Structures are given as C-alpha cells and as structure tokens.
Amino acid sequence: MQPVLELVDVMKQYRGGPRAVDAVTLRLGNGLIGLLGPNGAGKSSLMRIAATVTRPTSGQVLFDGADAVRRPDALRRRLGYLPQDFGVYPHLSAPEFLSYLAAVKGVGARAARARISELLEILDLAGAGKRPLGAYSGGMLRRVGIAQALLTDPGVLVVDEPSAGLDPEQRVVLRNLLSDLATDRVVVLSTHIASDIESVASDIAIMAGGRLLVRGAPHDVLRLAQGQVWEATVPADTLQVLRERHVISKQVRTPAGMRVRLLGTSAPVADAVPVAPDLEDAYLAVVHGSAANAGVAR
Ligand SMILES: Nc1ncnc2c1ncn2[C@@H]1O[C@H](COP(=O)(O)OP(=O)(O)OP(=O)(O)O)[C@@H](O)[C@H]1O
C-alpha cells in the first residue's frame with residue numbers, strides 16, 4: 001500500500017512566539033510536493049511536525065490514518081528526514097558516519113555497507129574516501145545529509161532545503177534523484193527557491209506567515225499569476241518608480257536600458273508586454289497578495 005501522510009488543522013506556537021504554523025491541512029500521497037515560502041513562513045516547523053520531531057500545539061498528524069503524534073513509531077520506521085540544521089560528527093568519515101546512523105536505524109551491517117556505497121556513488125561522495133566530515137565543504141555535507149535520509153529506502157521522505165549550498169550541477173542531480181524517488185513515495189521538499197521545484201514537483205504548496213496560502217498542481221499555481229506578469233525595457237529612473245509600485249521578479253542591464261520582469265494587474269508602462277508566468281512569478285504574486293483568486297488551487 002502506498003503511504004499517506006496527512007496534516008489536519010495543524011497549529012504550532014512556540015513559547016512566547018507567534019503562530020509559526022497556523023491551521024494547515026495537507027494530504028500527502030505519492031509524488032513530490034514542493035513547499036515554498038519566504039524566510040520565517042513556517043516551512044521548517046511544518047517539516048519537523050511531519051517528521052514527528054516536533055509535536056504540534058494542536059491538530060493531527062495521521063500516517064495511513066493512524067495518529068502519528070501519539071504513536072509516531074510506524075511513521076518513523078518509514079521516514080527519511082533531512083533537517084535544515086543537519087549536524088555531523090566532524091571526526092568521522094562519511095562511510096563511518098553513515099554506518100553509525102544505519103546501525104541506529106536498525107539496518108544490518110551488510111545491507112548498510114551495500115546501501116552506503118550505492119548512496120555515496122549516487123551523491124558523488126565516493127571520491128572523498130576516508131576524509132573526516134569536518135573537512136567537507138557545505139555542499140558535500142548537505143549531500144551526506146541527503147544520503148542519511150535515504151539509508152533505509154524510506155516510503156516518506158521529508159527534506160528541508162536539501163539544495164542549500166549545492167552547486168548548479170549538484171542541484172540538477174538532486175532534483176532528478178528526488179523526482180525518481182517520488183514515483184512511488186511521498187517526497188516533501190521545502191525551499192524558498194522556486195526553480196528548485198519548478199520542473200519536478202507534482203504539487204506545489206505556498207506558505208507565508210504560518211498559513212498555507214495555496215496548494216495545487218503546478219499549472220494551477222501558474223494560472224494564479226496569469227495576465228499579471230510583464231516585461232519592459234526602461235531607463236534607470238523609471239525603474240526606481242516601478243520598484244515602488246510593483247514586485248520586480250527579474251532585472252537585467254542591457255545596452256537599451258534595464259530589462260525588467262514585474263507583476264501588475266495592468267501594463268505598468270506603455271510598451272510593457274505580457275508574458276507567461278513562471279513559478280517564481282506565481283510565488284511572488286501569491287506571497288505579495290496580488291495573485292488572482294489565491295487559494296483557488298487549494
Ligand atoms: N524553536 C523555536 N522557538 C521559537 N520560535 C521559533 C522556533 N523555530 C521557529 N521559530 C519561529 O517560527 C517562525 C517560523 O520559523 P520556521 O523556521 O518554521 O520558518 P521557515 O519557513 O522554515 O523559515 P526559513 O526559510 O528562514 O528557515 C519564525 O518566526 C521563527 O522565528
């Protein structure tokens with residue numbers, strides 16, 4: 001049976017703080033759901049709740065219909081989790097560290113050896129040999145974090161900002177790996193970079209201020225910004241004015257002036273041309289409250 005993870009009316013309030021997660025309901029089945037949101041939106045809090053690391057203040061987490069807050073073991077057995085602040089033992093090598101984690105997760109020594117060498121190969125870490133993790137770059141450590149999340153071949157994979165620190169080539173490798181994994185698993189990926197999920201997510205959720213603003217298939221989310229994305233080439237002083245009135249999603253200096261891409265319900269300057277929204281435009285439109293019927297795709 002394919003696993004199903006459900007968050008029902010989940011709220012998280014840290015002591016003395018605002019609601020980090022507020023009234024979020026999400027049903028997660030097979031496929032890759034990309035959770036987008038600005039810094040402080042509540043993504044990591046929601047991911048920790050889904051991974052049973054943090055208990056919600058109220059609301060339910062159901063795994064295959066069973067309460068995973070009171071009885072988290074069934075979910076934990078099927079779960080791979082990469083936290084945002086993943087730490088390592090700096091004196092261990094990657095194989096030593098992963099072997100240790102595999103033992104903690106109850107994987108037999110032989111199976112662990114085979115799985116670890118497979119993962120080190122896939123994540124391009126095999127060449128690091130016995131180097132201690134303390135000497136790894138940030139991107140290499142992130143890949144060790146991804147490897148540990150995949151040690152048990154999990155049915156539910158929760159990865160928080162997995163591409164942080166990865167170079168463009170590694171980002172592509174990771175995107176493809178997660179997309180492959182999502183064919184028969186639940187994969188939840190949080191990021192604030194739309195291009196990380198644009199081509200691979202079967203579902204997009206956008207959060208801000210603890211609330212789930214939108215959830216839907218990528219084409220439905222793109223539709224929210226339809227007719228509101230424009231491109232124009234403008235002189236520098238016009239750019240200044242546009243910046244005060246519009247969300248600018250891209251700008252490039254060209255010999256003819258500034259080429260800008262921006263959001264607006266009507267043409268922001270006379271010669272602006274409407275363009276098809278990409279996910280970043282839609283994300284900005286939703287977060288800045290200008291998306292048509294935001295919430296429609298829920
Ligand atoms: N352990 C904690 N104690 C108190 N407040 C917290 C704690 N963790 C998060 N918060 C607060 O909850 C809110 C949501 O934070 P969270 O880390 O979940 O957001 P995020 O979307 O993951 O942000 P980022 O992209 O910056 O990681 C923020 O206001 C944050 O300061």
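All chains use their own residue numbering, which begins from 1 and follows the written sequence. This being a predicted model, a pLDDT of at least 70 is required before a residue's local features are given, and a value of 80 or more before pairs of side-chain atoms are given or counted; all residues contribute to the totals for chains, interfaces and linings.

1. Looking at the environment of Ser 249
Part 1 of the reasoning: Secondary structure elements are defined from DSSP: runs of H or I of at least 4 residues count as helices, runs of E of at least 2 residues count as strands, and each element is numbered from the N terminus. Structurally, Ser 249 can be placed in strand β12 (residues 248-254).
Part 2 of the reasoning: Residues Ser 249 and Leu 7, spaced 242 residues apart in sequence, show a C-alpha to C-alpha distance of 32 Å.
Part 3 of the reasoning: A residue pair is marked as a contact if its C-beta atoms, positioned from the backbone, fall within 7 Å. Ignoring any residue separated from it by four or fewer positions in sequence, one finds Ser 249 in contact with Arg 261, Leu 262, Leu 263, Glu 280, Asp 281 and Leu 284.

2. Some points on the packing of helix α3 (residues 94-104) against helix α5 (residues 138-149)
Part 1 of the reasoning: Lines are fitted to the C-alpha atoms to define the axes, a helix being fitted only along its stretch in contact, and any angle between axes, read from their N-to-C directions, falls within 0 to 180 degrees. Direction vectors running N to C along α3 and α5 enclose 30 degrees, while the axes themselves pass 10 Å from each other. Classified by the angle between their axes, α3 and α5 sit roughly parallel to one another. In the packing of α3 onto α5, the handedness of the crossing is right-handed. In contact with Ala 94, Phe 97, Leu 98 and Leu 101 of α3, α5 contributes Val 144, Ala 147 and Gln 148.
Part 2 of the reasoning: For the contact of α3 with α5, the class distribution of residues is six nonpolar, one polar and no charged. Here is the rule for angles: anything less than 35 degrees is roughly parallel, anything more than 145 is roughly antiparallel, 65 through 115 is roughly perpendicular, and the remaining ranges are oblique. Less than a right angle of anticlockwise turn of the near helix away from the far helix marks a crossing as left-handed, whereas a clockwise turn marks it as right-handed. Amino acid classes used here: Ala, Val, Leu, Ile, Met, Phe, Trp, Tyr, Cys and Pro are nonpolar; Asp, Glu, Lys and Arg are charged; the rest, including Gly, are polar.

3. With respect to the domain arrangement of the protein
Part 1 of the reasoning: The domain boundaries here were taken from an automatic or database domain assignment. Examined at the domain level, the protein breaks down into domain 1 (5-216) and domain 2 (226-287).
Part 2 of the reasoning: Using C-alpha coordinates to define each centre, domain 1 is positioned 34 Å away from domain 2.
Part 3 of the reasoning: Opposite the nine residues of domain 1 that make contact, domain 2 presents six residues.
Part 4 of the reasoning: A class-by-class count of the residues in the side of domain 1 that touches domain 2 yields seven nonpolar, one polar and one charged.

4. A look at the sheet that holds strand β6 (residues 79-82)
Part 1 of the reasoning: The strand order across the open sheet formed by six strands is β6-β7-β8-β3-β9-β10, and the pairing between neighbours is mixed. Two strands lie at the open edges of the sheet, namely β6 and β10 (211-216), each paired on one side alone. The sheet shows a mean angle of 15 degrees between the axes of neighbouring strands, direction not considered.
Part 2 of the reasoning: Strand pairing is assigned whenever DSSP detects at least two bridges linking the two strands. The pairing of strand β3 (residues 31-36) with strand β8 (residues 186-191) spans six bridges and is parallel. From the neighbouring strand, Leu 32 faces β8, where its bridge partner is Val 187.

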